[in-house]
Each structure stands twice: as C-alpha cells, then as structure tokens.
Amino acid sequence: MIHDLHTHTNASDGTLTPDALVQRAIDLGIDVLAITDHDTIAAHHSLPDVSGTSLRIVPGIEFSSRWMKIGVHLVGLNVDLGHATLLEGIERQREARLERASRIGARLQKVGVADPLPHVTAIAGDATIGRPHFAKYLVEAGYVKDFSAAFRKYLGAGKPGDVRDIWPSLAEVVAWIRACGGTAVLAHPAHYKLTATRLRALVHDFTDAGGHAIEVVSGRQHASVTAKLAELSVDHGLAASCGSDFHGPGSDWSELGRFAALPANVTPVWESWD
Ligand code: AMP
Ligand code: MN
Ligand code: MN
Ligand code: MN
C-alpha cells in the first residue's frame, strides 16, 4: 500500500489542478492520497469521482504556524471539511496571507523590486498567495535566474521576504486541527534546520500541544534523517506519517508516492483510521 499523505495542487503553490493530481496518483498506483494545500481546502471541493478506482482521498490541509519565531508547518489529516473551527482558521490564514503579501511587497520594493504586489496578486489568482508566487514574479521579471535564487536572495530565511510573525502559534493550530476531528502532523521536521536539541524541543512542544504524528519520511531524504525522526516519534509516543510534499512534475520536489517506506519501529498514522 502506498500512502502519500502530503501533496499540493494549484489551489496553493502546486502546479497541477486537483483533477490532474488525482489522475497522476491513480496512474502511479498510489492507494491513499492526502491533498494538503497551504491554508486551504479548496481542492477538496473540486475533486473528480474516484469511486470505481482503488484510490482513497484523505481530506487534508497544511497550516502555517509559528513556534519560537520560526515558521512551522502542520498538516491536518482527515479533517471535517465543514467544521466551523476549520473554516474560521482558514479565513484567519487567508487574511494573514494577504497582509503578509503586502508586507513582503513593501519590503521587496525597498530593496529595488518595482511594485511587485499587483503582479504577484495576478500570478496567484485564486490560489492562497505565498512566497512561491513572489518567486515566480522575480524570475519572470528578470530579478533572478530561477526559483532557488529567488529564495536565496529575496524570500528565504533572514531575507526581506521572510515574514513569519504573522502566523498563529503552533499550539493554536494544533487545537484547530483537533477541534475538527483531524490528525495533527508535524510536517517535514528536518526542513527547519534546527539543532538536535531545538528539534527535540519542537517535537516536545508539539506533543504537549496535543499533536498526533510527525512526518518521519518527507520526500527523498537521507536514511540517517529518517532514523533520527523515527527515534523522535517513538520517544514522544507520536505516530509516523509519510508524504512526498509533491508540488508538480519536473520540479525539485519528489514524485508522488516515491519515497522510502516507514521504518519498522514506528506506528503508521493510518493504523488508527477506520
Ligand atoms: P509560504 O507558504 O508562502 O511561506 O511559502 C512556502 C513555500 O515556498 C513552501 O511550501 C515551498 O513550496 C516553497 N519554498 C520554500 N523554500 C523554497 C526554496 N528554497 N526553493 C523553492 N521553493 C521553496
Ligand atoms: Mn509549498
Ligand atoms: Mn511545508
Ligand atoms: Mn507542503
């Protein structure tokens, strides 16, 4: 069984429509697919009918949160898509993203980028606006040669476009996910570039807040990273999740479902589902 429990569509910063993502999952033999766009569940309202296929789709979301001044992503799986707390959380994030985009726009303008906000807003269209839309604009307008340079020079940690004090706290977002019946998952713990001590503190606080699982496998990662994350999950009594964090074909991101199996010593997050 292939579970891919972290993927994006063009409702946030992925490139595929929900239809195309689901078709790709079927073609690649995925059994269980969670669609987890940044701060939106819009894709779940325009899914194709998958009855008659072997694919099961899990309603999900990837919320942005703040822990100790860093931006931390929390995936909610099996959330109740109609729950008032979820919808209120999404509305709050929508406003935060708009406010953040205008702050990023103003900061980029100060470092010489000519009036980015109207262009970036047009690029984002109906999607939840984020830094990848700024990156796209910076490439298109010739300020940088590619996406990775856009993050390196303008949008990544410590750069003008890195605005993260706008997000709700990690504990608050875990509470939203729990309130709507979801499983709260700490996304890609190795991406935050924390020391071992700080990472342990993050996992500890996430556990304290009521988090359920951590992504022990996120895309293609080194086996030594997987082993460390498995140990953290076991030590904190957390279940283990896995996902590609797929954003589109042909990008630097992993292909759907193409990542290592969870180690034998962890409890897969889906074991407690129906
Ligand atoms: P945001 O949600 O607006 O903070 O944007 C975060 C998203 O930007 C991540 O989910 C990635 O899709 C993308 N991203 C972050 N860092 C990089 C990077 N160095 N290169 C390319 N994309 C990145
Ligand atoms: Mn993304
Ligand atoms: Mn993420
Ligand atoms: Mn993601």
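Higher on the page you've got the structure.
Anyway, here's the lowdown on the structure attached to this text. Treat the numbers as computed from the prediction; the structure is a model and nothing was measured.

Details of the packing of aromatic side chains
Each aromatic ring pair is described using two quantities: the centre-to-centre distance and the angle formed by the ring planes.
Okay, step 1: Tallied over the full model, the rule gives 3 aromatic pairs.
Okay, step 2: Centroid distance F63 to W176: 5.2 Å. Interplanar angle 70°. Geometry classified as edge-to-face. Here F63, found in strand β3 (residues 56–67), pairs with W176, found in helix α6 (residues 170–179); they are 113 residues apart in sequence, far enough to count as distant.
Okay, step 3: Aromatic pair F147 and F151: ring centres 6.3 Å apart, planes at 40°, arrangement tilted. In this pair, F147 and F151 are both assigned in helix α5 (residues 147–155), 4 residues apart and thus about one turn of the helix distant.

Overview of the coordination of the manganese ion (ligand 4)
Okay, step 1: Note on the manganese ion (ligand 4): its protein donors are H6 (NE2), H8 (NE2), E62 (OE) and D245 (OD). The metal-donor distances range over 2.1 to 2.2 Å.
Okay, step 2: Mapped onto the polypeptide sequence, the residues donating to the manganese ion (ligand 4) form the spacing pattern H-x1-H-x53-E-x182-D.
Okay, step 3: Metal-to-metal, the separation of the manganese ion (ligand 4) and the manganese ion (ligand 2) is 4.6 Å. Pair noted here: E62 is in strand β3 and D245 is in the segment after β7 (239–243), with a separation of 183 residues, a long-range link. We note that E62, like D245, is buried.

Quick word on the coordination of the manganese ion (ligand 2)
Okay, step 1: Coordination of the manganese ion (ligand 2) by the protein is provided by D13 (OD), H38 (NE2) and H247 (NE2), with metal-donor distances spanning 2.1 to 2.2 Å.
Okay, step 2: Every donor residue of the manganese ion (ligand 2) comes from the same chain, spaced as D-x24-H-x208-H.
Okay, step 3: Between the manganese ion (ligand 2) and the manganese ion (ligand 3) there is a metal-metal distance of 5.5 Å. With D13 in the loop between β1 (3–4) and α1 (18–27) and H247 in the segment after β7, this residue pair connects regions lying 234 residues apart in the sequence.
Okay, step 4: With relative accessibility at 18%, the residue D13 sits in the buried group.
Okay, step 5: The exposure class assigned to H247 is buried, which follows from its relative accessible area of 7%.

Considerations on the pairing of β3
Okay, step 1: For β3, the tally of buried residues reaches 10 of 12 residues, placing the bulk of the element in the interior.
Okay, step 2: Where strand β2 (residues 32–35) lies against β3, 4 bridges are found, and the strand directions are parallel. By the bridge assignment, L33 is partnered in β3 with I57.
Okay, step 3: Where β3 meets strand β4 (residues 70–77), 8 bridges bridge the pair, whose relative direction is antiparallel.

Quick word on the pairing of β2
Okay, step 1: Here β2 shows no split at all, with V32 and A34 on one side and L33 and I35 on the other all buried.
Okay, step 2: Examined bridge by bridge, β1 and β2 share 2 bridges and lie parallel to one another. Note on β2: the bridge partner recorded for D4 is L33.
Okay, step 3: Each parallel crossover has a hand, and the one from β1 via α1 to β2 is right-handed.

Observations regarding the side chain of T128
Okay, step 1: In this structure, T128 sits in the loop between α3 (116–124) and α4 (131–140).
Okay, step 2: Looking at T128, the relative accessible area reads 15%, which means it is buried.
Okay, step 3: A polar contact is formed between the side chain of T128 and the backbone oxygen of H38, at a distance of 3.1 Å.
Okay, step 4: Non-local contacts of T128, meaning those with residues more than four positions away in its chain, are made with A11, S12, H38, D39, T40, R97 and H133.

What counts and what doesn't
- Residues numbered from 1 in each chain as written.
- Chains lettered and ligands numbered in written order.
- Predicted model: local features only at pLDDT ≥ 70, side-chain atom pairs only at ≥ 80, totals over all residues.
- Heavy atoms only, no water.
- Phe/Tyr/Trp six-rings, centres within 6.5 Å; stacked < 30°, edge-to-face > 60°.
- Helix = DSSP H or I, 4+ residues; strand = E, 2+ residues; numbered from the N terminus.
- Donors = N, O, S within 2.8 Å, 3.2 Å for Na, K, Ca; no water.
- Buried < 20%, exposed > 50% of the residue type's maximum accessible area, 1.4 Å probe, protein only.
- Pairing = 2+ DSSP bridges.
- Right-handed = clockwise from strand over helix to strand, strands pointing away.
- Polar contact = N/O pair within 3.5 Å; in protein donor to acceptor, adjacent residues only side chain to side chain.
- Contact = heavy atoms within 4.5 Å.

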